[in-house]
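What follows is the residue order along each chain.
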Amino acid sequence: MLRKTLLATLCASALIAAALPAMAASSQEMNSEQGTLEVTPIVQGLEHPWALAFLPDRKGMLVTERPGNLRVVSADGKLSAPIEGVPKVWAKGQGGLLDVALSPDFRQDRTVYLSYAEGGGEGGTAGTAVGRGQLSEDLTNIKNFTVIFRQEPKLSVGNHFGSRLVFDRNGYLFITLGENNDRPTAQDLDKLQGKIVRIYPDGKVPDDNPFVGQPGVRPEIWAYGVRNPQGAALNPWNGVLWENEHGPRGGDEVNIIERGKNYGWPLATHGINYSGQPIPEAKGKTAAGTVGPHHVWEKSPGVSGMAFYDGDRFKAWQHNAFIGALVSQELIRLQFDGDRVVHEERLLGELGKRIRDVRQGPDGYLYVLTDEDNGGLYRIGLKL
């Protein structure tokens, strides 16, 4: 029995150690308004990485790859074999394995949440789903994975799934959902396209959601009228949810999300169709009964991922937000006066890579993922 146990332990250790070659940890220096940036590659060889979440006790990070793999990146940059027990994903177009988040009580329950594109819709369409399971102590598998939420109906043929997962201070789970490139659905309250939903961690709907009890309205909805929200974060200074979303051709937005509010898409937009024609449903840049963007880019940087900086390591970054940019291939720094954006800086342009996600690490550094066939994970800091 002892020999079998030892063999199992060795096999598990081998799985954790199995990895693509880690990138040499040689820093590159880049300029910024606050001083010299130090950009350190942690690992490369990731296949379209989408999101990361930090494990406690310096056990590394969980990283999703859009084709369907969840991996562990150790603190010293080793990349694990794919974790077993991850659900089958619909990996077409923008679909696949998307966000990852740890339970607020992860130390006790070891629960990991995943959002992903799920097939099975009429005519081969897909929608966003969210599920949860328990990560094993040896970090090799997820047990008892259960779907807690499904976007209904499934309308995507490969576009606009969203999606980010954010827990608030009271333990509610927010999920950002794209409109599946079916514009009018963002205003349809009987559908879950173009919405931000709020649920309990087990998928149940809170009684105080704004539309609970209204006939023909999905009770999960917290806010609506969004297009393709691929960034979201809880403001650490006031506990309010912020999100960023792709406009069409122009009009990427940052929004402060409030209970029951309509954020306008497609009735109001700063963008136009990719064809160069106006959005058919749009009334202009504003529309009655809708909330305008808190911050908007007339020329789309292609926003994805969002992190507020509240660390102590880099004082110059305190009370700033950072947003990844796919199209312009930069990291955007927003500086605030209260909630008002007063300054913007573009960083990491020298990398020339699509920034998919950005997170503040427990060590006070920023960590970014680059979304490519040969994607990478980088640590970003200021040279002190």
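Residues numbered from 1 in each chain as written. Predicted model: local features only at pLDDT ≥ 70, side-chain atom pairs only at ≥ 80, totals over all residues. Heavy atoms only, no water.

**Q** How would you sum up the overall build of the protein? Please name residues and give values.
**A** Per the secondary structure count, the protein includes two helices and 24 strands. Taking 21 Å as the expected radius of gyration for a compact globule of 384 residues, we find that the protein reaches 20 Å, a close match to that expectation. Across its three principal axes, the protein shows a C-alpha extent of roughly 70 × 50 × 40 Å. For the protein, the proportion of its 384 residues judged to be buried stands at 57%. Taking contacts inside the protein between residues at least 6 apart in sequence as the whole, the part at least 24 apart equals 57%. When the accessible surface of the protein is totalled, it reaches about 16000 Å², and 49% of it is carbon and sulfur. Side chains of the protein give 41 positive and 45 negative charges; the mean places of these two sets differ by 3 Å. (Helix = DSSP H or I, 4+ residues; strand = E, 2+ residues; numbered from the N terminus. Rg over C-alpha atoms; globule rule 2.2 N^0.38 Å. Buried < 20%, exposed > 50% of the residue type's maximum accessible area, 1.4 Å probe, protein only. Contact = heavy atoms within 4.5 Å. Areas by Shrake-Rupley, 256 points an atom, 1.4 Å probe, with all protein chains shown as cover. Lys, Arg positive; Asp, Glu negative; His and termini not counted. Charge placed at Lys NZ, Arg CZ, Asp CG, Glu CD.)

**Q** Explain the nonpolar core residue by residue, including any values.
**A** Among the nonpolar cores identified, the biggest contains 31 residues, and Leu-37, Trp-317, Leu-331, Leu-348, Leu-377 and Ile-380 are the most heavily contacted of them. Listing elements by their share of this core, those giving two or more residues are β2 (35-46), β4 (61-65), β18 (303-309), β22 (355-360), β23 (366-370) and β24 (375-382). Per-element tally for this core: the top contributor is β2, with five residues. With sequence-adjacent residues up to four places away left out, Trp-317 is seen in contact with Gln-34, Leu-37, Tyr-309, Phe-322, Arg-333, Leu-366, Ile-380, Gly-381 and Leu-382. Counting residues in hydrophobic clusters, the runner-up holds 26 residues, among them Trp-50, Leu-55, Val-72 and Leu-114. (Core = buried A, V, L, I, M, F, W, Y, C linked by side-chain atoms within 4.5 Å.)

**Q** Describe the sheet that holds strand β5 (residues 69-73), naming the residues involved and giving the relevant values.
**A** Spatial strand order, β3-β4-β5: three strands in an open sheet with antiparallel pairing. Across the chains shown, the open sheet's two edge strands, defined by having one partner strand only, are β3 (49-54) and β5. Sheet twist, expressed as the average angle between the axes of neighbouring strands with direction ignored, equals 25 degrees. Where β4 and β5 come together, five bridges link them in antiparallel fashion. Bridge pairing links Val-63 to Arg-71 in β5. (Pairing = 2+ DSSP bridges. Axes fitted to C-alpha atoms, helices over the stretch in contact; angles between N-to-C directions.)

**Q** Give me unusual backbone geometry: which residues, what numbers.
**A** One can expect most non-glycine residues to show negative phi and most peptide bonds to be in trans. Of the consecutive residues Gly-162 and Ser-163, the connecting peptide bond is found in the cis state with omega at -5 degrees. Assignment of secondary structure puts Ser-163 in the loop between β9 (142-150) and β10 (165-167). Even without being a glycine, Asp-57 presents a positive backbone phi close to 60 degrees. Here Asp-57 shows up in the loop between β3 and β4. Judged by relative accessible area, which is 53%, Asp-57 ranks as exposed.

**Q** Tell me about the environment of Gln-193, residues and numbers included.
**A** Relative to the helices and strands, Gln-193 resides in the loop between β11 (173-176) and β12 (195-199). Classification of Gln-193 by relative accessible area gives buried; the value is 0%. C-alpha of Gln-193 to C-alpha of Ile-148: the two residues are 45 residues apart in sequence and 17 Å apart in space.

**Q** Describe the UniProt feature "domain: Glucose/Sorbosone dehydrogenase" (unreviewed entry) in the protein, listing the residues and the values that go with them.
**A** Cross-referencing UniProt, the feature "domain: Glucose/Sorbosone dehydrogenase" (unreviewed entry) maps to residues 46-379 in the present numbering. Across residues 46-379, the secondary structure splits into 1% helix and 39% strand, with the terminal C-alpha atoms separated by 15 Å. (UniProt positions renumbered as here; feature names shortened; annotations may be inferred.)

**Q** Can you break down the environment of Trp-50 residue by residue, with the values?
**A** Tracing the chain through its elements places Trp-50 in strand β3. Residue classification places Trp-50 among the buried residues on the basis of a relative accessible area of 1%. Considering only alpha carbons, one finds Trp-50 and Thr-64, 14 residues apart in sequence, at a separation of 5.6 Å. Ignoring anything within four residues of it in the chain, the contact list for Trp-50 reads Thr-64, Arg-66, Leu-97, Leu-98, Asp-99, Gly-162, Ser-163, Arg-164, Gln-230, Arg-356, Asp-357 and Leu-369.

**Q** For the sheet that holds β10, give the residues involved together with the corresponding values.
**A** The antiparallel open sheet is built from four strands, whose spatial order is β10-β11-β12-β13. Of all strands in the sheet, those with a lone pairing partner are β10 and β13 (221-224), marking the two edges. Between one strand axis and the next, the sheet turns by 20 degrees as a mean value, whatever way the strands run.

**Q** Mind laying out the pairing of β2, listing which residues take part and the relevant values?
**A** Pairing geometry for strand β1 (residues 28-32) and β2, over five bridges, is antiparallel. Each bridged residue has a counterpart across the sheet, and for Glu-29 the counterpart in β2 is Glu-38. Examined bridge by bridge, β2 and β24 share eight bridges and lie antiparallel to one another. Bridging across to β24, Val-39 finds its partner in Ile-380.

**Q** Please provide a residue-by-residue account of the confidence of the model for the protein, values included.
**A** Reading predicted coordinates in detail is not appropriate for stretches of low pLDDT. Looking at the protein, the pLDDT average stands at 93 and 93% of residues meet or exceed 70. Low pLDDT, under 50, characterises residues 1-24; the stretch is placed with 31 contacts to residues that sit more than four places away or in other chains. (pLDDT = per-residue confidence, 0-100.)

**Q** Lay out the packing of aromatic side chains in plain terms, naming residues and giving numbers.
**A** Inspection of every chain in the model, using the stated rule, returns 15 aromatic pairs. On the numbers, 5.8 Å between centres and 75 degrees between planes, the contact of Phe-174 with Trp-222 is edge-to-face. Taken together, the positions of Phe-174 in strand β11 and Trp-222 in strand β13 put the pair 48 residues apart, joining distant regions of the chain. Ring geometry for Trp-242 and Phe-336: centres 5.5 Å apart, planes at 75 degrees, overall edge-to-face. Of this pair, Trp-242 sits in strand β15 (residues 241-245) while Phe-336 sits in strand β20 (residues 330-337), and the two are 94 residues apart along the sequence. Through successive ring pairs, a cluster of aromatic residues spans Tyr-309, Phe-314, Trp-317, Phe-322 and Tyr-365. Lying over the aromatic face of Tyr-172, Arg-198 brings its terminal NZ or CZ to 3.7 Å of the ring centre. When the ring centre of Tyr-365 is taken as reference, the NZ or CZ atom of Arg-379 above it lies at 4.9 Å. (Phe/Tyr/Trp six-rings, centres within 6.5 Å; stacked < 30°, edge-to-face > 60°. Lys NZ or Arg CZ within 6 Å of the ring centre and 35° of its normal.)

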